[in-house]
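Commentary on secondary and tertiary structure
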Amino acid sequence: MHLHPSTLLLVAATAAAFSPSCSSSRRSALSVATDPTLVSSTPSLIPPSKIDASSVASLFEERVQKTYGRYPITFVEGKGCWLVDEEGTKYLGEQPYLPFVRPPISFCFFLANPRIPFRSSLWCPSTDFVSGIATCALGHSNPELTEAVSAQMTKLHHVSNLYYTPQQAKLAAWLCENSCADKAFFCNSGAESNEAAIKLARRHASNRGITDPVIITAEQSFHGRTLATVTATAQPKYHKGFTYGGEMVRGFRYTPYNDIDALKQLVEEINQTPQEDADAGRKRGLAAIMLEPLQGEGGIRPGTLEFFATARQLCDDNGALLICDEVQVGMGRSGTLWGHQQLNVQPDVFTSAKALGGGVPIGAMMARGAAADVFGPGDHASTYGGNPLACAAGLAVAEYFSEHDVLSNVQERGQQLSVGLEKIATRFPSVLGEVRGWGLLKGVVIKEDAGCTAAELVGDAMKERLLLVAAGPSVVRFVPPLIVNKDEIDEALVRFEKAIEKRVASSSS
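So, here's what we can say about the structure. (Residues numbered from 1 in each chain as written. Predicted model: local features only at pLDDT ≥ 70, side-chain atom pairs only at ≥ 80, totals over all residues. Heavy atoms only, no water.)

To continue, consider the nonpolar core. Most often, soluble globular proteins keep nonpolar side chains buried together rather than apart. Among the nonpolar cores identified, the biggest contains 101 residues, and I289, L432, V476 and F496 are the most heavily contacted of them. If you tally residues by element for this core, the top one is helix α12 (residues 388-404), at 10 residues. Once you skip the residues sitting within four places of it in the chain, V476 turns out to touch K442, G443, V444, I446, A454, L457, V458, L468, V469 and F496. C187, A196, I198 and A201 belong to the second-largest nonpolar core, a separate cluster that totals 24 residues. (Core = buried A, V, L, I, M, F, W, Y, C linked by side-chain atoms within 4.5 Å. Buried < 20%, exposed > 50% of the residue type's maximum accessible area, 1.4 Å probe, protein only. Helix = DSSP H or I, 4+ residues; strand = E, 2+ residues; numbered from the N terminus. Contact = heavy atoms within 4.5 Å.)

Here it is in structure tokens:
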């Protein structure tokens, strides 16, 4: 008879416990541990398959923390620029959409024709001009991305960054070969990539003898939700309830976006160490200027060539780093691979996430020159960052961009979208104002006296089966997948115009 090692250990321990030299307390403790009537049984796990998911909204209400205000729609499937809700009962147009076949107008509308019964073989699409907020660059269920991720899962999906993996090396090389960067650091999100940039800037300043490093960011910026990145986000509404003694993370100062004189004045102030701090051996100085080439959450506001040229010069003059947050505008959405290329400027550091993995979580912080060598082992790290699965997704997106000339499509469809939105704005001047943005990151301003907010117009568009997203209180944002085609842009414009028509009609009635 062969006994399991754990059984042998238990027998040995029991024998020792009841030896003459063993104390009574030890005997009592072991008796409790070995008496099956005294040991509470381990509760059996409830498998996910046994959880009642008949009402997804109810499960969210009961079990998911309310960090988002969600619309009453549950999506379960997608293809290209389409999404399908859980009802699965309607489809667009007069002819059925076959699954995994892109129709002439492959657009994402849900509940479009309530008279047609559902058949599981038919597509029931809903428009997605949100694309996971500028994340699903290749749309939904892209075959190349799906194949790459599936294949990688059968080989190796994660190992520690203590070891080399070919996928991370190759993706880093692609990012650097197609940018001004020399080296990349991988993480899992935009906030994490910006955290890495902030830490790098502080370490770089410390190496220059600065004890009190200051990073300048722009008003109405958005850099993430972690404590440091939300501090870098110069919007007080995001700071409420997260301060200590009324302060957020120290070492950040804010300047109006695109205001050259204000930026110069702030840099001059920062470089003057208060006398009491200087007497204590401290030194204040500019660590970095951190800017979005185009402010996304701040209202789709592109930077100006002059402002970014000034920021670059100020960093050069003061030994500081110019950081570009490319989380939303980067990876092709502007019509160039990186948003800073629109501004003819080279940052020392820039960050990426969102579209980098086409919807698979991955983030990256790229640096050039001396900035690329600031971090050493132990200075920064990420458990999941750059794992083979995420990097396989990134490589698939990169390959698709290269093989399908995605950037040209972004430029052409972006121009088409701008022209169409400007025509609608001209027709409804009491509601819509300026159309702005780059490539397929476009916004249309809602006028102050329009009688509605951007969020309300997003709701109106949703009734027309068009999914949009607000960018602040007064801008409606259009961020479709980068593979969107001409017919889909045209159809989106039709739906948006219809939403405005109904809004105006209801206001005048």
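Counted under the stated rule, the structure contains 18 salt bridges. Residue D348 pairs with R312 through a salt bridge whose shortest N-O separation is 2.7 Å. Here the residue D348 occupies a position in the loop between β10 (321-325) and β11 (349-352), and R312 occupies one in helix α11 (residues 305-318), the gap between them amounting to 36 residues. Residue classification places D348 among the buried residues on the basis of a relative accessible area of 12%. Since its relative accessible area comes to 12%, R312 is described here as buried. The shortest N-O distance in the salt bridge between R436 and E434 comes to 3.2 Å. Exposure remark for R436: the relative accessible area of 19% places this residue in the buried category. Beyond isolated ion pairs, a larger network of salt bridges with shared partners links R312, D316, D348 and R368. (Salt bridge = Lys/Arg side-chain N within 4 Å of Asp/Glu carboxyl O.)

In this model helix α13 (residues 406-427) runs 32 Å from its N-terminal to its C-terminal C-alpha over 22 residues, within 8% of the 32 Å that 1.5 Å per residue would give. All buried positions along α13 are accounted for by V406, N409, V410, R413, G414, Q416, L417, S418, G420, L421, I424 and A425. Along its buried surface, α13 packs onto α12, β13 (432-438), β14 (441-446), β17 (475-478) and α15 (486-508). (Expected span 1.5 Å × (residues − 1).)

It is worth spelling out the sheet that holds strand β16 (residues 469-470) at this point. Here four strands make up an open sheet; going across it, the order is β13-β14-β17-β16 and the pairing antiparallel. Edge strands, defined here as strands with exactly one partner in the open sheet, are β13 and β16. (Pairing = 2+ DSSP bridges.)

So, on to the packing of helix α9 (residues 260-270) against α11. The axes of two packed helices give the description: the angle between them and the distance between them. Two elements in contact, α9 and α11, have axes whose closest approach is 10 Å; the angle formed by their N-to-C orientations is 15°. Taken as axis vectors, α9 and α11 run roughly parallel relative to one another. Along this stretch, α9 crosses α11, giving a crossing that reads as right-handed. Facing α9, whose interface residues are I260, L263, K264 and V267, α11 presents E306, F307, T310, A311, L314 and N318. (Axes fitted to C-alpha atoms, helices over the stretch in contact; angles between N-to-C directions. Parallel < 35°, antiparallel > 145°, perpendicular 65-115°, else oblique. Left-handed = near helix turned anticlockwise from the far one by under 90°.)

Okay, the pairing of strand β2 (residues 82-85) next. Residues W82 and V84 point to one face of β2 and L83 and D85 to the other, with burial holding for every one of them. Bridging between strand β1 (residues 75-79) and β2 involves four bridges; their strand directions are antiparallel. Residue pairing for β2: E77 is matched across the bridge by V84. In this structure, the hairpin formed by β1 and β2 is closed by a connection of two residues, where G80 is found at a positive phi of approximately 60°.

With that out of the way, let us pick up the packing of helix α6 (residues 166-177) against α12. At a closest axis distance of 9 Å, the pairing of α6 and α12 adopts a crossing angle of 35°. In this structure, the crossing between α6 and α12 has a hand that is left-handed. Contacts between α6 and α12 involve Q167, Q168, K170, L171 and W174 from the first element and P388, C391, A392, G394, L395, A398 and S402 from the second. Across the contact of α6 with α12, the residue classes tally to seven nonpolar, four polar and one charged. (Nonpolar A, V, L, I, M, F, W, Y, C, P; charged D, E, K, R; others polar.)

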